[in-house]
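Listed here are the chains, written in short residue letters.
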Amino acid sequence: MSAQVFHQAMGTLQSNRLLNNSGTHHELGNIRVQLIPKCFKLNIELSRNRNFRFGKKNFGIIQATASQTSVIESASSPSNHDTSDSKKKSNEAALILVRHGESLWNEKNLFTGCVDVPLTKKGVEEAIEAGKRISNIPVDMIYTSALIRAQMTAMLAMTQHRRRKVPIIMHNESEQARTWSQIFSEDTMKQSIPVVTAWQLNERMYGELQGLNKQETADRYGKEQVHVWRRSYDIPPPNGESLEMCAQRAVAYFKDQIEPQLQSGKNVMIAAHGNSLRSIIMYLDKLTSQEVISLELSTGIPMLYIFKEGKFIRRGSPAGPAEAGVYAYTRRLAQYRQKLDEMLH
Ligand SMILES: O=C(O)[C@H](O)COP(=O)(O)O
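Residues numbered from 1 in each chain as written. Predicted model: local features only at pLDDT ≥ 70, side-chain atom pairs only at ≥ 80, totals over all residues. Heavy atoms only, no water.

S.K.: Please give an account of the environment of Val-98 that cites residues and values.
M.R.: Relative to the helices and strands, Val-98 is located in strand S6 (residues 92-99). Taking the C-alpha atoms as reference points, Val-98 and Leu-297, separated by 199 residues in sequence, lie 9.0 Å from one another. (Helix = DSSP H or I, 4+ residues; strand = E, 2+ residues; numbered from the N terminus.)

Set out below in structure tokens:
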């Protein structure tokens, strides 16, 4: 198999460079149709909306519309031979949301926003704990923000997953980055989970509050003013983003990039931030701008949703690390867990 085909199969965002002897391309308006012998039956890609691909054999049918590309897979179990843990023509998919563990600036009570601060030791432990709670839930794709605290959380959580797939960050920032991060073993690829990092999932930009102490800011400007900056829906902090502004980019990204994966039966984990996740939960739970202001998210506590028939069903947020009673499993999740038990015993 050529390196280029493998690169494509690995799922890096599609290169503008056309494949030579590995396949043929046809342009249909803004849709590019690519036929690749023995690999994808049919690979339809929007030339402007570059959608992510991962794995190859399991891509049975690929559907394209003017706004999105979705994939229906043929994998069905967590066996070693499957590229994905999703079900064939699955009509349900798991969505895990997790706010990053405690960061060094959470610990110091500083406004952090888009400043790229790592986790504390406690944050590392929280991320590992989060991983234990979701260790029996299938994960086919991971999305994180561009910030290290979310990425650390996702990676540390996955060290606990019983399926033992390896999360691998996709580097699509340049052609060279794509080329230099190729994987040349199909088996290795099957045991990997693509991790897509996106600035749109970043924490809200806290403007001129970034780096200030929250308590000192309240002492200086008044508790009420700071509460308005932190929890109002549409009032931004000085030169920063309001929750509404944060929601515009985070929810747009969720709808454009993540929802199509869920529609195709992929199980997705998102590791992000207090405010980008509040925005996404507002969309999932159809909260009003009044309701979202009282929504608070703890660090490192994963929340589970099931996506089914176009709807998001909240399945719980575990109070403790013990699995029993943590999540209201669906039948499909219970079957997945049973297969893991069989595989690992
Ligand atoms: O950016 C920050 O300071 C925190 O991650 C979120 O802060 P908040 O609770 O003040 O919105």
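S.K.: Could you give an account of the site of the ligand, with specific residues and numbers?
M.R.: Close to the ligand lie Arg-99, Leu-110, Phe-111, Thr-112, Gly-113, Glu-203, Tyr-206, Lys-214, Arg-230, Arg-231 and Asn-275, which account for all nearby residues. A distance of 2.9 Å is found between an oxygen atom of the ligand and a backbone nitrogen or oxygen belonging to Thr-112. Between the ligand and the protein, one listed contact pairs an oxygen atom with a backbone N or O atom of Gly-113 at 2.7 Å. Protein chains bury 96% of the 320 Å² of accessible surface belonging to the ligand in isolation. (Near = heavy atom within 4 Å. Polar contact = N/O pair within 3.5 Å; in protein donor to acceptor, adjacent residues only side chain to side chain. Areas by Shrake-Rupley, 256 points an atom, 1.4 Å probe, with all protein chains shown as cover.)

S.K.: Which residues make up the confidence of the model for the protein chain, and what values go with them?
M.R.: Taken over all residues, the pLDDT of the protein chain has a mean of 78, while the share at 70 or more is 70%. This model gives residues 1-77 a pLDDT under 50, and the stretch forms 207 contacts once residues within four places in sequence are excluded. Overall fold confidence for the complex sits at a pTM of 0.77, while the interface term, ipTM, reaches 0.97. (pLDDT = per-residue confidence, 0-100. Contact = heavy atoms within 4.5 Å.)

S.K.: Outline the environment of His-345, supporting the account with residue identities and numerical values.
M.R.: For His-345, the location among the structural elements is in the segment after helix H12 (331-344). Using a relative accessible area of 79% as the deciding quantity, one classes His-345 as exposed. A distance of 2.9 Å separates a polar atom in the side chain of His-345 from the backbone oxygen of Asp-341. (Buried < 20%, exposed > 50% of the residue type's maximum accessible area, 1.4 Å probe, protein only.)

S.K.: How would you explain unusual backbone geometry if you had to name every residue and give the values?
M.R.: Positive phi values are uncommon outside glycine, yet Asn-109 reaches one of about 60°. In this fold, Asn-109 is placed in the loop between helix H2 (104-107) and helix H3 (121-133). Its identity as a non-glycine residue notwithstanding, Asn-239 has a phi of 55°, on the positive side.

S.K.: I'd like to hear about the pairing of S6, residue by residue, with values.
M.R.: A large share of S6 lies buried, amounting to 8 of its 8 residues. Covered by surrounding structure in S6 are Glu-92, Ala-94, Ile-96 and Val-98 together with Ala-93, Leu-95, Leu-97 and Arg-99, the residues of both alternating faces. With 6 bridges joining them, S6 and strand S11 (residues 303-308) adopt antiparallel strand pairing. Following the sheet pairing, Glu-92 is matched in S11 by Lys-308. By the bridge criterion, 5 bridges tie S6 to strand S10 (residues 268-272) in an arrangement that is parallel. (Pairing = 2+ DSSP bridges.)

S.K.: How would you sum up the sheet that holds S6? Please name residues and give values.
M.R.: The 7 strands lie next to each other as S8-S9-S7-S10-S6-S11-S12, forming an open sheet whose pairing is mixed. Of all strands in the sheet, those bounded by a partner on one side alone are strand S8 (166-169) and strand S12 (311-316). Shown here is a sheet whose adjacent strand axes are inclined to one another by a mean of 25°, direction ignored. In this structure, S8 lies alongside strand S9 (residues 192-198), joined through 4 bridges in parallel fashion. Looking across to S9, one finds that Ile-168 is bridged to Pro-194. (Axes fitted to C-alpha atoms, helices over the stretch in contact; angles between N-to-C directions.)

S.K.: How would you explain the nonpolar core if you had to name every residue and give the values?
M.R.: Formed by 30 residues in total, the largest nonpolar core has its most connected members in Leu-95, Leu-97, Tyr-143, Phe-254, Leu-262 and Ile-270. Of all the secondary-structure elements, those providing two or more residues to this core are S6, strand S7 (141-145), S9, helix H9 (243-263), S10, helix H10 (274-284) and S11. In terms of residue count, the dominant contributor to this core is H9 (6 residues). Setting aside residues up to four positions removed in sequence, Leu-262 forms contacts with Ala-93, Ala-94, Leu-95, Phe-254, Val-268, Phe-307 and Phe-312. (Core = buried A, V, L, I, M, F, W, Y, C linked by side-chain atoms within 4.5 Å.)

S.K.: Describe the pattern of salt bridges, with residues and values.
M.R.: Within the structure shown, the criterion is met by 10 salt bridges. Glu-102 serves as the salt-bridge partner of Lys-122, at 3.7 Å between the closest nitrogen and oxygen. Taken together, the residues span a long stretch of sequence, with Lys-122 in helix H3 and Glu-102 in the loop between S6 and H2 at a distance of 20 residues. Relative accessible area serves as the criterion here: at 12%, Glu-102 is assigned to the buried category. The residue Arg-249 makes a salt bridge to Glu-241 at a minimum N-O spacing of 2.5 Å. What makes Arg-249 buried here is its relative accessible area of 12%. Assessed through its relative accessible area of 14%, Glu-241 is described here as buried. Residues joined by salt bridges that share partners form a network here, namely Arg-162, Arg-337 and Asp-341. (Salt bridge = Lys/Arg side-chain N within 4 Å of Asp/Glu carboxyl O.)

S.K.: Just give me the short version of the packing of aromatic side chains, but keep the residues and values in it.
M.R.: Tallied over the entire structure, the rule returns 7 aromatic pairs. Pairing Phe-254 with Tyr-283 gives two aromatic rings, centres 5.9 Å apart and planes at 65°, and the pair type is edge-to-face. Taken together, the positions of Phe-254 in helix H9 and Tyr-283 in helix H10 put the pair 29 residues apart, joining distant regions of the chain. Look at Phe-307 and Phe-312: their rings are 4.7 Å apart centre to centre, the planes differ by 50°, and that puts the pair in the tilted class. Take Phe-307: its relative accessible area is 4%, and that puts it in the buried class. Among the residues examined, Phe-312 registers a relative accessible area of 15% and is labelled buried. (Phe/Tyr/Trp six-rings, centres within 6.5 Å; stacked < 30°, edge-to-face > 60°.)

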